[in-house]
Amino acid sequence: MTYDALIPVIRRLALEAGDKIMEIYAADDFDVKVKSDSSPVTEADEAADALISAGLRAAFPDILLVTEEQAASHSEKGDTFLIVDPLDGTKEFINRRGDFTVNIALVENGTPTRGVVYAPARGRMFYTQADGRSVEETGAFDKDTPGVLTEISVSKPDNSALFVVASKSHRDQATEDYINKYQTKDSKSAGSSLKFCLVATGEADVYPRVGRTMEWDTAAGHAVLAGAGGRVVRFDDHSPLLYGKEGYANPFFIAYAPGVELKEA
């Protein structure tokens, strides 16, 4: 598998999954179930997962695939793997708030190197190109022909007036306490992996996450942010956030533009 082969496939699959998700989103009603960890799952999660998984396995049969909706994949390990969250922000989807995304990423030796984040209800799509640099695509989102691509890059932050983005569904007192260590000009809430993308485009400077996430929640956004010059580090010691961990669970982390002077946890 080459990056040149990978990028058109994950872009197309993200768009196709987005179409399927929006079909269900537009319906009067849809099924919602509760998983063993008490998190919700909808028919949109499952339909998007089936579509993406089939497409990736057909295109890249020799690469390990880890996906949120297939529990059997969570015990498999490899240095190189594709990792998928077919619908990140299920609560946003259920509550019809629009901040949900399709996420597909490639992880190599513990680092997400390529990825796509598509927010179908917002009409925004971000991905890494074959050369590793991140772009935002605008236009008709044709499945085979990309529209206008704009290279994105992180901000040059002013540490006396930072723009902070935090979780919409998981914004708790611990998050507020950490944000309050910074001098902020504005703070906004956003759902799903869009928060990484807002830092990647310079719309925000820093995104702290003091709460549970899994690698499939973050890998694609992490790749997009890295391709825009950003970084993602552990909350506790500011070392790089690595992937392929036991059970694919993340520690708390901070995603940021490198000019941000990070505060201690």
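For clarity, every value in this text was computed on a predicted model and none was experimentally measured.

Q: Residue-level account of the overall build of the chain, with values.
A: Helix and strand counts for the chain stand at six helices and 16 strands. Radius of gyration (C-alpha) of the chain: 17 Å, near the 18 Å computed for a compact globule of 265 residues. Projected onto its principal axes, the C-alpha coordinates of the chain cover approximately 50 × 40 × 40 Å. Residues counted as buried form 53% of the 265 residues belonging to the chain. A sequence separation of at least 24 residues applies to 61% of the contacts in the chain between residues at least 6 apart. In the structure as shown, the chain presents an accessible area of about 11100 Å², 47% of it carried by carbon and sulfur atoms. Taking the 28 positively charged and 42 negatively charged side chains of the chain as two groups, their mean positions are separated by 4 Å.

Q: Which residues make up a negative patch on the surface, and what are the values?
A: Taken together, the side chains of Asp28, Asp29, Asp31 and Glu43 define an acidic patch exposed on the protein surface. Summarising the element assignment, Glu43 is placed in helix 2 (residues 43–59).

Q: With reference to specific residues and values, describe the sheet that holds strand 8 (residues 134–138).
A: Strand order across the open sheet formed by seven strands is 3-4-5-6-7-8-9, with mixed pairing between neighbours. Sheet topology places strand 3 (64–67) and strand 9 (148–151) at the edges, where each strand pairs with a single neighbour. Here the average twist between neighbouring strands, direction ignored, is 20°. The sheet strands contacting helix 2 are strand 3, strand 4 (80–88) and strand 5 (101–108), and the helix crosses strand 4 at an angle near 155°.

Q: So what's going on with the side chain of Thr175? Residues and values would help.
A: Following the sequence through the fold, Thr175 ends up in helix 4 (residues 173–179). Residue classification places Thr175 among the buried positions, given a relative accessible area of 3%. Here Asp172 takes part through its side chain, which lies 2.7 Å from a polar atom of the side chain of Thr175. Excluding its chain neighbours within four sequence positions, the residues that come into contact with Thr175 are Ala166, His170, Pro208 and Val210.

Q: Any chance you could break down the pattern of salt bridges for me, citing the residues and the numbers?
A: For the structure on display, the rule yields 15 salt bridges. Among the salt bridges present, the one from Glu46 reaches Lys33, with a minimum N-O distance of 3.0 Å. Of this pair, Glu46 sits in helix 2 while Lys33 sits in strand 1 (residues 32–34), and the two are 13 residues apart along the sequence. Notably, a salt bridge pairs Glu69 with Lys35, separated by 3.6 Å at the nearest N-O pair. Highlighted residues: Glu69 in the loop between strand 3 and strand 4 and Lys35 in the loop between strand 1 and strand 2 (40–42), separated in sequence by 34 residues. Here Lys35 falls in the partly exposed class, since its relative accessible area comes to 23%. Salt bridges linked by common partners bring Lys35, Glu68 and Glu69 together as one network.

Q: Go over the packing of helix 1 (residues 3–25) against helix 2, please, and point to the residues and values.
A: The geometry of helix 1 relative to helix 2 is characterised by a closest axis approach of 9 Å and an angle of 160° between their N-to-C directions. As the angle between them shows, helix 1 and helix 2 are arranged roughly antiparallel. The two elements helix 1 and helix 2 cross, and the hand of that crossing is right-handed. Across the interface between the two elements, Val9, Ile10, Leu13, Glu16, Ala17, Lys20, Ile21 and Ile24 from helix 1 touch Glu43, Ala44, Ala47, Ala48, Leu51, Ile52, Gly55, Leu56 and Ala59 from helix 2. Partitioned by chemical class, the residues of the contact of helix 1 with helix 2 number 13 nonpolar, one polar and three charged.

Q: An account of the packing of aromatic side chains is requested, with residue identities and associated values reported.
A: In the structure shown here, the tally under the stated rule is 12 aromatic pairs. Taking the centre distance of 5.7 Å and the plane angle of 75° together, the rings of Phe81 and Tyr248 count as edge-to-face. One end of the pair, Phe81, is in strand 4; the other, Tyr248, is in the loop between strand 14 (231–234) and strand 15 (249–250), and 167 residues separate them in sequence. Overall, the relative accessible area of 1% leaves Phe81 in the buried class. For Tyr248, a relative accessible area of 0% translates into the label buried. Three or more aromatic residues link up through ring pairs in this structure, and these residues are Tyr25, Phe30, Phe93 and Phe100. Of note, Arg96 hangs over the ring of Tyr25, and the distance from its end group to the ring centre comes to 5.7 Å. One Lys or Arg, Lys245, reaches over the ring of Tyr243 and ends 5.0 Å from the middle of that ring.

Conventions we followed
- Residues numbered from 1 in each chain as written.
- Predicted model: local features only at pLDDT ≥ 70, side-chain atom pairs only at ≥ 80, totals over all residues.
- Heavy atoms only, no water.
- Helix = DSSP H or I, 4+ residues; strand = E, 2+ residues; numbered from the N terminus.
- Rg over C-alpha atoms; globule rule 2.2 N^0.38 Å.
- Buried < 20%, exposed > 50% of the residue type's maximum accessible area, 1.4 Å probe, protein only.
- Contact = heavy atoms within 4.5 Å.
- Areas by Shrake-Rupley, 256 points an atom, 1.4 Å probe, with all protein chains shown as cover.
- Lys, Arg positive; Asp, Glu negative; His and termini not counted.
- Charge placed at Lys NZ, Arg CZ, Asp CG, Glu CD.
- Patch = residues over 30% accessible without salt bridge, like charges linked within 9 Å, V, L, I, M, F, W, Y side chains within 5 Å.
- Salt bridge = Lys/Arg side-chain N within 4 Å of Asp/Glu carboxyl O.
- Pairing = 2+ DSSP bridges.
- Axes fitted to C-alpha atoms, helices over the stretch in contact; angles between N-to-C directions.
- Polar contact = N/O pair within 3.5 Å; in protein donor to acceptor, adjacent residues only side chain to side chain.
- Parallel < 35°, antiparallel > 145°, perpendicular 65-115°, else oblique.
- Left-handed = near helix turned anticlockwise from the far one by under 90°.
- Nonpolar A, V, L, I, M, F, W, Y, C, P; charged D, E, K, R; others polar.
- Phe/Tyr/Trp six-rings, centres within 6.5 Å; stacked < 30°, edge-to-face > 60°.
- Lys NZ or Arg CZ within 6 Å of the ring centre and 35° of its normal.

Geometry only, nothing functional implied.
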